[in-house]
Amino acid sequence: MLVLAFIIFEVIAQTILVINFFKIKEQIKKFINSRILNIKIILVSILVVVAFVSIPFLVAEGHTSFKHSLEWNYFMGVISFYLLTFFFWKKQ
């Protein structure tokens, strides 16, 4: 259950961060890679949509295999987000 809470709060934090970066994109254009920002937006959008679609399975009894695979896939999505952050900032 603790991992589920971590994933939920991590996806919320990623969403807020990406939205704020998108809002100030023009001001920080010379420091960021815009293509990576777009990939991050797509990744976070996929994570949010899958989360909402998965809610019925998460609250229902059973579906243990689905829950475990979803947990690991979300973990990989979070790690991918951090990898994209590495490529997000332009080298000076």
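Quantities reported herein were computed from a predicted structural model and do not represent experimental measurements.

Rules and cut-offs
Residues numbered from 1 in each chain as written. Predicted model: local features only at pLDDT ≥ 70, side-chain atom pairs only at ≥ 80, totals over all residues. Heavy atoms only, no water. Helix = DSSP H or I, 4+ residues; strand = E, 2+ residues; numbered from the N terminus. Buried < 20%, exposed > 50% of the residue type's maximum accessible area, 1.4 Å probe, protein only. Contact = heavy atoms within 4.5 Å. Salt bridge = Lys/Arg side-chain N within 4 Å of Asp/Glu carboxyl O. Core = buried A, V, L, I, M, F, W, Y, C linked by side-chain atoms within 4.5 Å. Phe/Tyr/Trp six-rings, centres within 6.5 Å; stacked < 30°, edge-to-face > 60°.

Visitor: Which residues make up the overall build of the protein chain, and what values do they have?
Guide: For the protein chain, the helix and strand inventory stands at three helices and zero strands. Its helices and strands in sequence order give the protein chain the pattern α-α-α, from N to C terminus. Across the 92 residues in the protein chain, those meeting the buried criterion constitute 25%. Considering only contacts in the protein chain between residues 6 or more positions apart, those separated by 24 or more positions represent 71%.

Visitor: Mind laying out the pattern of salt bridges, listing which residues take part and the relevant values?
Guide: This structure, assessed with the given rule, holds one salt bridge. Of the charged contacts in the structure, one is a salt bridge between E26 and K29, with a shortest N-O distance of 2.8 Å.

Visitor: Got a sec to walk through the side chain of Q14? Specific residues and values, please.
Guide: Its place among the elements puts Q14 in helix 1 (residues 2–23). Judged by relative accessible area, which is 2%, Q14 ranks as buried. Leaving out residues up to four positions away in the same chain, Q14 has contacts with V44, L47, V78 and F81.

Visitor: Tell me about the environment of F52, and please be specific about residues and values.
Guide: Mapped onto the elements, F52 comes out in helix 2 (residues 34–59). On the basis of relative accessible area, F52 is assigned to the exposed category, the value being 61%. Sequence separation between F52 and K25 is 27 residues, and the spatial gap between their C-alpha atoms is 28 Å.

Visitor: Before we move on, could you go through the nonpolar core and cite the residues and values that matter?
Guide: Y74 and F88 are the most contacted members of the largest nonpolar core, which has 16 residues in total. Not counting the four nearest positions on each side in its chain, Y74 is found in contact with I7, V11, L47, V48, V50 and A51.

Visitor: Describe the packing of aromatic side chains, and please don't skip the residues or the numbers.
Guide: Inspection of the entire model under this criterion finds six aromatic pairs. A centroid spacing of 5.0 Å and a plane angle of 45° characterise the contact between F21 and F88, whose relative ring orientation is tilted. Here F88 lies in helix 3 (residues 64–88) and F21 lies in helix 1, a separation of 67 residues in the sequence. Taken individually, F21 and F88 each receive the classification buried, so the pair is uniform in this respect. Ring centres of F88 and W89 lie 4.9 Å apart, and the angle between their planes is 75°; this geometry places the pair in the edge-to-face category. For W89, a relative accessible area of 38% corresponds to the partly exposed category. Taken together, the ring pairs connect F21, F88 and W89 into an aromatic cluster.

Interpretation note: all reported values are geometric properties and have no functional meaning in isolation.
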